[in-house]
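If you want the building blocks of each chain, they are given just below.
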Amino acid sequence: MNRDLPIPAVISAIRPLTVDTSLVTLNTEPHHPVASSFLPGQFLELSLPGAGEFPVSYCGFPSVDGSIELCIRHIGHVTGPLRTAVPGDAAAVRGPFGHGFPLLAYVGQDLLLIAGGLGIAPLRSLLLALLAQRELWGRLTLLYGARETGALLFTDELLELQNRGMVELQLTVDHLEHCFDGPPYCRVALLPVLLDQLDLEPDRTCAAICGPPVVYPLLVSRLRQLGLSDDRIHLSLERRMKCGVGRCGHCAVGTRLCCVDGPVFSLAELAGIEGALG
Amino acid sequence: MAPQYIANHNLPLLLERLRRYAELHGPVRGEDGVVRFAAIAPGTLPDLSALRTLLPPKKYLLHPQETILNYTAAAGYQLQAEDVRSLILFGLHPCDLAGINYLDRVFLGDAPDPLYAARRATLTLIGISCTPDEFCSCHILPSPLNALSDLFLCSVDEGLIVTSGSPRGDELLDGVKDLLEEWEGAVPEDSRRFFGHAEAEQVRPEPDATLPEWQEFASHCLGCGACSLCCPTCYCFDVLEFCGLDSCSAERVRQWDNCLFKSHAEVAGGTNFRKERAERFLYRYRHKYRGFGPLQGVPSCVGCGRCRVVCPAGLDLRPLAERLEGRPL
């Protein structure tokens, strides 16, 4: 595999999820590792010819038919033009890159997934991987918060999983839009507040977190209070990962590179690094 | 076997002979007075008395701006192909050799960078000893001491002791053996430099981000990025894409970037992971004295002193580094 050369992909579907976010499905070579062998939390570099390239977490489940699901917010100079792409348009992909969530270490453990905003993208990938081998893990809990109800992603899918008893789901929003009374399944509170009434066994629980940097310090201190050790807390960090292969020098966290040593780090690995949590 | 020696008066002949193997570049003083690595014109000598060139030789391996991929609708993205010409770099000081050695570790690792690898394979390095000045810190950093080259020239009275460091060096030496004599005098103890000692690489705890010095540096720094531009081991690059006028072709370009620029850590949506100049200073410090990723624990500073010479605000990280690293630098 040449890690420098993007291989061709075709945009097969773009499904708007909110006003600024879409679920983009790509198709590339069947059996290529970029689609078939990644761990949740790893990322790929997606190119839109003429616009550029950006790093993005996998949002779906590995597939041998070459299809890749990505949840994309259209706010960048490449993701912006991607909004107006149509099925059949050309793209290109490189990957998978980095280290994902440590699934092997999770075997036999209760799992607490915490997603803030677009952080649901890699955690949906993790959730799908966990559900595919449901018998390997203990309790599965997903805490998911967004700015407002209109910004919650994949709610139908998540509520159905909850109704089928596959996952314990708690949703929250920072505030309600004026015209809504708020759905019955959703609280109005900041994400870390969901941890207040959580009943968990710290010695057999691992937390997997992805969200905006602003929530990390609060989540981490709350999880520590609940008794989770730092090696049981994994966070996905965002940085400017231009090349994906550790050469461009933009994404160091302390002396570790987000693109090759991360983007998923255990809290223990980040000890003492000022600014690591954003 | 006694060391091989070439008398100074044979230097022009040596250069002419080397020119048969490849294009010859070295430190040349331009009409503007600036010393830079450039082609050594036939019949002229490089400026071997100059202590440092304005830009380090990294420009030969990583061009300031270069196309890395080409896109066409028919062929998709294709790696940029380049006619790489053989080049001999003559007169590299140990710090610049160490800089290239460091870049090799970054760009020729598990998955070599295609353009870098192609250029590096055709590059012959001929080092030369020098005498550090007050801006240099090569005499304490380990990497210049261990720097590899194809040939290394060590100044002694009236000439240069020549040693080969590679099969390519052996080949060149063989080609100029009629110019060489056996050296019967003493060889300076450290043939790479005139003084100094090696230290083992080691992993140190994180530098203290709350030190007031970071703010102090930040308040004087102009953010011009000159220190990084002229650093032999600053290799950060940005990646840009230019769409063709036909709208179905494109060119992807990488260009030198700079960790002192505010845009260096900015991501889509406007979040910036190093908004403050002090944070950017710390970032640079970590890279220079601690190393990133697979090279954690390997300082990238080779002690050439360029950053100290060019800083318009006269900033010098060395006193802080000496304190934090616990050794003189």
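This is a predicted model, so every value here is computed, not measured.

A. Summary view of the pattern of salt bridges. All names here are of chain A. Tallied over the entire structure, the rule returns 32 salt bridges over all chains. A salt bridge links Arg204 to Asp110; the shortest N-O distance between them is 2.9 Å. Of this pair, Arg204 sits in the loop between strand 10 (186-188) and strand 11 (205-210) while Asp110 sits in strand 7 (residues 110-116), and the two are 94 residues apart along the sequence. Taking the relative accessible area as the measure of exposure, Arg204 reaches 31% and is therefore partly exposed. What makes Asp110 buried here is its relative accessible area of 7%.

B. The domain arrangement of chain B, seen in detail. Residue and element names in this part refer to chain B. Entries for chain B in the domain assignment read domain 1 (4-49 + 82-194) and domain 2 (212-325). Distance from the C-alpha centre of domain 1 to the C-alpha centre of domain 2: 27 Å. The interface of domain 1 with domain 2 comprises 21 residues on the first partner and 20 residues on the second. In total, about 1,700 Å² of surface goes out of reach between domain 1 and domain 2, with carbon and sulfur atoms giving 61% of it. Between the two partners, domain 1 and domain 2, sit 2 salt bridges. For Asp113, the salt bridge is made with Arg254, and the minimal N-O distance between the two is 2.9 Å. Where domain 1 packs against domain 2, one counts 7 residue pairs in polar contact (both at pLDDT 80 or more). Tallied by class, the residues present in the side of domain 1 that touches domain 2 amount to 14 nonpolar, 3 polar and 4 charged.

C. Representation of the state of the cysteines. Residue and element names in this part refer to chain B. All told, the structure shown has 0 disulfides over all chains when counted by the stated rule. The closest cysteine sulfur to the non-disulfide-bonded Cys221 is located on Cys227, 6.6 Å from its own sulfur. Overall, the relative accessible area of 9% leaves Cys221 in the buried class. We note that Cys301 lacks a disulfide partner, and the nearest cysteine sulfur, in Cys307, lies 6.3 Å from it.

D. Spatial organisation of the environment of Arg256(A). Locating Arg256(A) in the fold gives a position in strand 14 (residues 256-257). Accessibility expressed as a relative area gives 24% for Arg256(A), which makes it partly exposed. Sequence spacing of Arg256(A) and Phe154(A) is 102 residues, and the spatial spacing of their C-alpha atoms is 33 Å. Excluding anything up to four places from it in sequence, Arg256(A) contacts Cys251(A), Asp261(A), Phe265(A), Glu269(A), Gly293(B) and Gln296(B). Within polar-contact distance, the side chain of Arg256(A) engages the side chain of Glu269(A) at 3.4 Å.

E. Region of interest: the packing of aromatic side chains. By the definition in use, this model includes 10 aromatic pairs over all chains. Look at Tyr71(B) and Tyr77(B): their rings are 4.8 Å apart centre to centre, the planes differ by 55°, and that puts the pair in the tilted class. Residue classification places Tyr71(B) among the buried positions, given a relative accessible area of 9%. Considering the side-chain rings of Phe107(B) and Tyr116(B), the 5.1 Å spacing of their centres and the 20° angle between planes classify their relative orientation as stacked. Like Phe107(B), the residue Tyr116(B) is buried in the burial classification. Put simply, the rings of Phe107(B), Tyr116(B) and Tyr235(B) pair up and form one aromatic cluster. Between the NZ or CZ atom of Arg124(A) and the centre of the ring of Phe154(A), over which it lies, the distance is 4.5 Å. Above the plane of the ring of Tyr283(B) lies Arg274(B), whose end atom (NZ or CZ) is 3.5 Å from the centre.

F. Structural view of the interface of chain A and chain B. Listed as interface residues are 38 residues of chain A and, on the opposing side, 40 residues of chain B. Across the chain A to chain B interface the summed buried area is about 3,100 Å²; carbon plus sulfur atoms make up 58%. If you sort the residues of chain A by the area they bury against chain B, Arg240(A), Arg247(A) and Thr255(A) come out on top, with a joint share of 23%. If you look at where chain A meets chain B, you find 4 salt bridges. One salt bridge in this structure joins Asp238(B) and Lys242(A), with 3.2 Å as the shortest N-O distance. On the surface where chain A and chain B come into contact, there are 19 residue pairs in polar contact (both at pLDDT 80 or more). Of all the secondary-structure elements, those providing two or more residues to the side of chain A that touches chain B are strand 3 (43-48), strand 4 (52-57), strand 6 (90-97) and strand 14 of chain A. A breakdown of the residues in the side of chain A that touches chain B according to their chemical character gives 15 nonpolar, 12 polar and 11 charged.

G. Layout of the sheet that holds strand 11 (residues 237-243) of chain B. Residues and elements named next belong to chain B. Pairing is antiparallel in the open sheet, where 4 strands are placed in the order 5-4-12-11. Of all strands in the sheet, those with a lone pairing partner are strand 5 (76-79) and strand 11, marking the two edges. Here the strands of the sheet are splayed against their neighbours by 25° on average, with no regard to which way each runs. Here helix 4 (residues 114-121) sits on the sheet in contact with strand 4 (65-72), strand 5 and strand 12 (249-256), set at roughly 125° to strand 4.

H. Region of the structure containing the confidence of the model for chain B. Residues and elements named next belong to chain B. Per-chain confidence: chain B averages 88 in pLDDT, with 92% of residues scoring 70 or above. For the stretch residues 194-198, pLDDT sits under 50, and the model shows 12 contacts to residues farther than four places along the chain or on other chains. Two summary scores accompany this predicted model of the complex, namely pTM at 0.91 and ipTM at 0.88.

I. Just unusual backbone geometry, in detail. The peptide bond linking Gly95(A) to Pro96(A) adopts the cis configuration, its omega dihedral lying at -5°. Inspection of the secondary structure assignment puts Pro96(A) in strand 6. Note that the residue after Gly262(A), namely Pro263(A), is joined by a cis bond; omega there is 5°. Checked against the element boundaries, Pro263(A) lands in the loop between helix 7 (258-261) and strand 15 (264-266). Non-glycine residue Ser247(B) carries a positive phi angle of around 65°. Look at Ser247(B) and you get exposed, because its relative accessible area is 59%.

Rules behind the numbers
Residues numbered from 1 in each chain as written. Chains lettered and ligands numbered in written order. Predicted model: local features only at pLDDT ≥ 70, side-chain atom pairs only at ≥ 80, totals over all residues. Heavy atoms only, no water. Salt bridge = Lys/Arg side-chain N within 4 Å of Asp/Glu carboxyl O. Helix = DSSP H or I, 4+ residues; strand = E, 2+ residues; numbered from the N terminus. Buried < 20%, exposed > 50% of the residue type's maximum accessible area, 1.4 Å probe, protein only. Domains from an automatic or database assignment. Contact = heavy atoms within 4.5 Å. Buried area = accessible area lost by both parts, 1.4 Å probe. Polar contact = N/O pair within 3.5 Å; in protein donor to acceptor, adjacent residues only side chain to side chain. Nonpolar A, V, L, I, M, F, W, Y, C, P; charged D, E, K, R; others polar. Disulfide = S-S within 2.5 Å. Phe/Tyr/Trp six-rings, centres within 6.5 Å; stacked < 30°, edge-to-face > 60°. Lys NZ or Arg CZ within 6 Å of the ring centre and 35° of its normal. Pairing = 2+ DSSP bridges. Axes fitted to C-alpha atoms, helices over the stretch in contact; angles between N-to-C directions. pLDDT = per-residue confidence, 0-100.

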